[in-house]
Amino acid sequence: MSDSGLSPDEVRAVAEVHNELGPEYRDAVVESFLDRIDKQVGDRIDAHLATARRPEMTRTSDPALLERKRVQFGAMVAGTVVGALGSGLAVEWSIHYPGSSLTKALTTVWAIIALVYIVYGWRLRRR
């Protein structure tokens, strides 16, 4: 009973008061004692749950992570724009030069774009 927060002396005192009082007060003594026990058990359960709970998944904004995501998004936008412009140039090339095919022009433009990205990525990796 020492773990419950109630000492053996307290339990004995409640039992003596229960025996000394008349029947009209016994119920009040028992209810008071049970309320105390209920509160202590509830506090122990709350304390146990507080230590056992996992930390909630809160979205913390790490500035370095946000900056990296912004840079990646900017690179995706730039890549899309460069790809669209390159494709447009390939189509124009194939229209203005009658001997060339659209497939060859697109392949050439996309190969050049890919080469530029590979070289740029290689240089970033070496830093």
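Thresholds applied
Residues numbered from 1 in each chain as written. Predicted model: local features only at pLDDT ≥ 70, side-chain atom pairs only at ≥ 80, totals over all residues. Heavy atoms only, no water. Helix = DSSP H or I, 4+ residues; strand = E, 2+ residues; numbered from the N terminus. Buried < 20%, exposed > 50% of the residue type's maximum accessible area, 1.4 Å probe, protein only. Contact = heavy atoms within 4.5 Å. Areas by Shrake-Rupley, 256 points an atom, 1.4 Å probe, with all protein chains shown as cover. Expected span 1.5 Å × (residues − 1). Salt bridge = Lys/Arg side-chain N within 4 Å of Asp/Glu carboxyl O. Axes fitted to C-alpha atoms, helices over the stretch in contact; angles between N-to-C directions. Parallel < 35°, antiparallel > 145°, perpendicular 65-115°, else oblique. Left-handed = near helix turned anticlockwise from the far one by under 90°. Nonpolar A, V, L, I, M, F, W, Y, C, P; charged D, E, K, R; others polar. Patch = residues over 30% accessible without salt bridge, like charges linked within 9 Å, V, L, I, M, F, W, Y side chains within 5 Å. pLDDT = per-residue confidence, 0-100.

A. Here's a closer look at the overall build of the protein chain. Check the secondary structure of the protein chain and you find four helices and zero strands. What you see in the protein chain, going N to C, is helices and strands ordered as α-α-α-α. Across the 127 residues that make up the protein chain, the buried fraction comes to 8%. A fraction of 40% describes how many contacts in the protein chain between residues 6 or more apart in sequence connect residues 24 or more apart. Carbon together with sulfur atoms contributes 63% to the accessible area of the protein chain, which is approximately 11,100 Å² in total.

B. Fine view of helix 3 (residues 63-96). When the terminal C-alpha atoms of helix 3 are compared, their 49 Å separation across 34 residues agrees well with the 50 Å that a helix rising 1.5 Å per residue should span. By the burial criterion, the buried members of helix 3 are Gly83, Gly86, Ala90 and Ser94.

C. Summary view of the pattern of salt bridges. Considering all chains together, one arrives at two salt bridges under this definition. The partner of Arg70 in a salt bridge is Glu67, and the shortest N-O contact between them spans 3.8 Å. Of the two residues, Arg70 and Glu67 both sit in helix 3, three residues apart, roughly one turn of that helix.

D. Representation of the packing of helix 1 (residues 8-20) against helix 2 (residues 23-52) within the structure. Remark: helix 1 packs on helix 2, axes separated minimally by 8 Å, with the N-to-C direction vectors making an angle of 160 degrees. Of the possible angle classes, the one that applies to helix 1 and helix 2 is roughly antiparallel. Along this stretch, helix 1 crosses helix 2, giving a crossing that reads as left-handed. In contact with Glu10, Val11, Val14, Val17, His18 and Asn19 of helix 1, helix 2 contributes Arg26, Val29, Val30, Phe33 and Arg36. Tallied by class, the residues present in the contact of helix 1 with helix 2 amount to six nonpolar, two polar and three charged.

E. Representation of the environment of Ala15. Its location among the elements puts Ala15 in helix 1. The exposure class assigned to Ala15 is partly exposed, which follows from its relative accessible area of 36%. Between the alpha carbons of Ala15 and Val30 there is a distance of 9.0 Å; along the sequence they are 15 residues apart.

F. Quick look at a nonpolar patch on the surface. Taken together, the side chains of Phe73, Met76, Val77, Val81 and Leu85 define a hydrophobic patch exposed on the protein surface, amounting to about 500 Å² of accessible area. Position of Met76 among the secondary structure elements: in helix 3.

G. Looking closely at the confidence of the model for the protein chain. Confidence along the protein chain averages 77 in pLDDT terms, with 86% of residues attaining 70 or more. Taken element by element, the protein chain is modelled with least confidence in helix 1, mean pLDDT 76, and with most confidence in helix 3, mean pLDDT 82.

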